[in-house]
Amino acid sequence: MTIYLPEGVGLFRQAFDATCERISGIEKDRIFYELYLELVSCLREHTLVKDFILELEAQSAKRKEESSVAALEALEDGWMRLWKYHRHSLKHRKQLVLIKRVVTAPNEISYSQIYNRILFRMWEFRYFSPFCRFVKEAPRLFRTVQSELNLESIRFDYAYPSREGYFSGKKIVQCKLNKKDKRRKLHKKIFSLRLMDAMPFNRSAERVAYALFSQKIEAIEKTFFIPGQNDYEKRQNMQIMAETNPIFCWDKIQFLKICHALDNASPDLKSFKGRWFSIREAAWKCAEKRCEIEVLLGAKMSFRQKLAPEPSSSLDSLLMFEHQIHRRDYEKHLQSLKNHIHAHLFKVENMKEKAEEDLRLVLPGTQRSSFVIDLASKYWKVHPLANRDEVFNDYCIKCPTSRLLSRERWDQIVRERKLDPRPKEAKKRGPGKKTFQN
């Protein structure tokens, strides 16, 4: 199918709507995505919407830069809180250094953004490191044996595997204890033959202090990320954001285009050496670019897997929700883009009609000062006590945009023609007219 979009607004709208309907009605996914991307390329080069799309891309790049700076500051704040909390623990500080090496010295390839990787590492450190896994009721046997049982009282004899290829059982030889020995009862508990009910193991972790969480992370998630507790809520919110925000809608479509055109080159695992304050910016930008390529590679592999003769979506489990490519989502994005372009076309028509109306109001040879005199005289005739700000606002509303003058020139014309009918006491002199009197 050849996509052709005329230059006129009315003809463009009709052709664009018909093209969107035909693309949505295609059954084969491969043809659907090929025509989808061809339509996106045509829109980006069309004269009616080119400036609109370039403005969206510029705002998207600005928002991405703001997100990058805010993410770095938020992660640094959260990391520094943990570093100060463990100022006396060398073991935990080594673990925190490994978290920062995800940026400075990467050694693995994953399919998530650098922000999510470091955030998950810090979450894992908080909830699975020893400093917050204090158990209320530890297993009695382990604690009691560790503190009271002499390991020399039990000897473990292990039989090594024979040449026939089977393993013999583990033999435990019991040591005889005196009747007055305090370990005798414990010895009987350990080697008792009667069945005992299993004791429940109640694992409970210490509540992590709120001071260890950075408030900047919460703020950045509300500002730059899709809200939702699960994939269903995120999908609903993603569709709402694409419908209400043209920048977000175009970003999602551009992600599909970049993913489709990406080569299979592996990202460069470049490491940075030096103090953090000197390599901070360069290492962070390099890590962001590397992780972005990894995300695109993972999304492309998943995309190819879905377009295969036997489609599958097993690789989606390795990707974040917003990086998964589903046809039903991009059908919604196409409908949202259609609505945004329609809104832009209405603005273009209104601006064109207003410009034509201004040209009709302006007679040949009409001077700009005549609009100031006529409009100011009419307004002061109806409102004789109105100040100059009110009259100037009325002038800005009623005067054609092509004949508007600046406030300084407007004041000069009003003063020279003596259009202000108010008494001298009601006129306030500007601060530039005041002089010092001795």
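Residues numbered from 1 in each chain as written. Predicted model: local features only at pLDDT ≥ 70, side-chain atom pairs only at ≥ 80, totals over all residues. Heavy atoms only, no water.

With respect to the overall build of the chain
Rules: Note on conventions: DSSP H or I runs of at least 4 residues are helices, E runs of at least 2 residues are strands, and numbering of each starts at the N terminus. Remark: exposure states derive from per-residue accessible area (1.4 Å probe, protein chains only) relative to the maximum for the residue type, with buried under 20%, exposed over 50%, and partly exposed in between. Methods summary: accessible areas were calculated by the Shrake-Rupley approach with a probe of 1.4 Å, and residue burial reflects only the protein chains presented.
Helix and strand counts for the chain stand at 15 helices and two strands. Counting every position in the chain, which comprises 438 residues, the buried fraction comes to 35%. Accessible area of the chain: about 30300 Å², with a carbon and sulfur share of 54%.

Side note on the packing of helix α4 (residues 90-104) against helix α11 (residues 276-307)
A pair of packed helices is captured by two measures, namely the crossing angle of their axes and the spacing between those axes. Convention followed: For helices, the axis comes from a line fit to the C-alpha atoms of the stretch in contact; other axes are also lines fit to C-alpha atoms, and the angle between any two N-to-C directions lies between 0 and 180 degrees. Angle categories are assigned with fixed cut-offs, so that under 35 degrees is roughly parallel, over 145 is roughly antiparallel, 65 to 115 is roughly perpendicular, and the rest are oblique. Contacts: residue pairs with any heavy atoms within 4.5 Å of one another. All residues other than Ala, Val, Leu, Ile, Met, Phe, Trp, Tyr, Cys, Pro, Asp, Glu, Lys and Arg, Gly among them, are scored as polar; the first ten of these are nonpolar and the last four charged.
In contact at an axis separation of 8 Å, α4 and α11 are set at 65° when each is read in the N-to-C sense. With respect to α11, the axis of α4 lies roughly perpendicular. Of α11, the residues touching α4 (which contributes Lys100, Val102, Val103 and Thr104) are Trp276, Ile279, Ala283, Trp284, Ala287 and Arg290. A per-class count over the contact of α4 with α11 returns seven nonpolar, one polar and two charged.

A few points about unusual backbone geometry
Despite not being glycine, Lys418 shows a phi value in the positive range, around 55°. The topology assignment puts Lys418 in the segment after α15 (407-417).

Focus on the nonpolar core
Formally: Side-chain atoms within 4.5 Å link the members of a nonpolar core, which is a set of buried Ala, Val, Leu, Ile, Met, Phe, Trp, Tyr and Cys residues.
Counting 48 residues, the largest nonpolar core has Phe12, Tyr36, Leu39 and Leu43 as its most contacted members. Discounting residues that sit within four places of it in the chain, Tyr36 has contacts with Ile23, Ile253, Leu256, Tyr330, His333 and Leu334. By size, the runner-up hydrophobic cluster in this structure holds 26 residues, among which are Ala71, Met122, Phe272 and Ala283.

Observations regarding the pattern of salt bridges
The line we're drawing: A pairing counts as a salt bridge when a side-chain nitrogen of Lys or Arg comes within 4 Å of a carboxyl oxygen of Asp or Glu.
If you walk through the whole model with that rule in mind, you get 18 salt bridges. Measuring nitrogen to oxygen at the nearest pair gives 2.9 Å for the salt bridge that ties Glu76 to Arg280. In this pair, Glu76 sits in helix α3 (residues 50-85) while Arg280 sits in helix α11, placing the two residues 204 residues apart along the sequence. Given the relative accessible area of 22%, Glu76 is considered partly exposed. In this structure, Arg422 and Asp420 form a salt bridge, with 2.9 Å as the shortest nitrogen-oxygen distance. Asp420 shares its class with Arg422; the two are buried. Several salt bridges share partner residues, and in doing so they unite Asp29, Arg327 and Glu331 into one network.

As for helix α13 (residues 368-382)
Where we set the bar: Residue count minus one, scaled by 1.5 Å, sets the expected span of a helix.
Taking 1.5 Å of rise per residue, 15 residues should cover 21 Å, and α13 covers 22 Å from first to last C-alpha, within 8% of that figure. Restricting attention to buried positions, one finds in α13 the residues Ser369, Phe371, Val372, Ile373, Leu375, Ala376, Tyr379 and Trp380. Elements that come into contact with the buried residues of α13 comprise α14 (388-398) and α15.

Remarks on the environment of Leu256
Structurally, Leu256 is set in helix α10 (residues 246-261). We classify Leu256 as buried; its relative accessible area is 1%. Through-space distance from the C-alpha of Leu256 to that of Leu37 is 8.2 Å; in sequence the pair is 219 residues apart. Not counting chain neighbours up to four residues away, the residues in contact with Leu256 comprise Tyr33, Tyr36, Leu37, Phe303, Ile325 and Tyr330.

Notes on the packing of aromatic side chains
We apply this condition: Two rings from Phe, Tyr or Trp (for Trp, the six-membered ring) form a pair when their centres are within 6.5 Å of each other. A pair whose planes differ by under 30 degrees is stacked, one over 60 is edge-to-face, and the rest are tilted.
This model, assessed by the stated rule, comprises 10 aromatic pairs. Ring centres of Phe392 and Tyr395 lie 5.9 Å apart, and the angle between their planes is 35°; on these two criteria the pair is classed as tilted. Of this pair, Phe392 and Tyr395 are both found in helix α14, three residues apart, which corresponds to roughly one turn of the helix. Comparing Phe392 with Tyr395, the two get one shared label, buried. Ring pairing ties together the aromatic residues Phe32, Tyr33, Tyr36, Phe303 and Tyr330, which thus form one cluster.

A word on α4
Since the α-helix turns once every 3.6 residues, residues separated by three or four places project in the same direction. In this model α4 runs 20 Å from its N-terminal to its C-terminal C-alpha over 15 residues, within 8% of the 21 Å that 1.5 Å per residue would give. Inspection of α4 places His92, Leu96, Ile99, Lys100, Val102, Val103 and Thr104 among the buried residues, and these make up the whole buried set.

Points about the side chain of Lys306
As a reminder of what qualifies: Pairing of N or O atoms within 3.5 Å defines a polar contact, subject to two protein rules: one partner must be a possible hydrogen donor and the other a possible acceptor, and residues neighboring in sequence count only if both atoms are side-chain atoms.
Inspection of the secondary structure puts Lys306 in helix α11. Of the residues examined, Lys306 reaches a relative accessible area of 17% and is grouped as buried. Within the structure, Lys306 has its side chain in polar contact with the side chain of Asp316 (distance 3.0 Å). A distance of 2.4 Å separates a polar atom in the side chain of Lys306 from the backbone oxygen of Ile325. When sequence neighbours within four positions are dropped, the list of residues in contact with Lys306 reads Pro311, Ser312, Ser313, Asp316, Ile325 and His326.

Topic: the packing of α13 against α14
Heads up, the condition is: Take the far helix as your reference; a near helix turned counterclockwise from it by less than a right angle gives a left-handed crossing, and one turned clockwise gives a right-handed crossing.
Interaxial distance between α13 and α14 falls to 10 Å at its minimum, and their mutual angle equals 125°. Taken together, the axis directions place α13 and α14 in an arrangement best described as oblique. Considering the relative orientation of α13 and α14, their crossing is right-handed. Contacts between α13 and α14 involve Phe371, Val372, Leu375, Ala376, Tyr379 and Trp380 on the former and, on the latter, Arg388, Glu390, Val391, Asp394, Tyr395 and Lys398. Split by residue class, the contact of α13 with α14 holds eight nonpolar, no polar and four charged.

Quick word on the confidence of the model for the chain
Threshold: For every residue, the predictor reports its confidence as pLDDT, a number between 0 and 100.
Per-residue confidence for the chain gives a mean pLDDT of 79, with 76% of residues at or over 70. Across residues 149-172, confidence stays below pLDDT 50; counting only partners more than four residues off in sequence or on other chains, it has 21 contacts. Across residues 432-438, where pLDDT falls below 50, the model places one contact with residues more than four positions away in sequence or in other chains.

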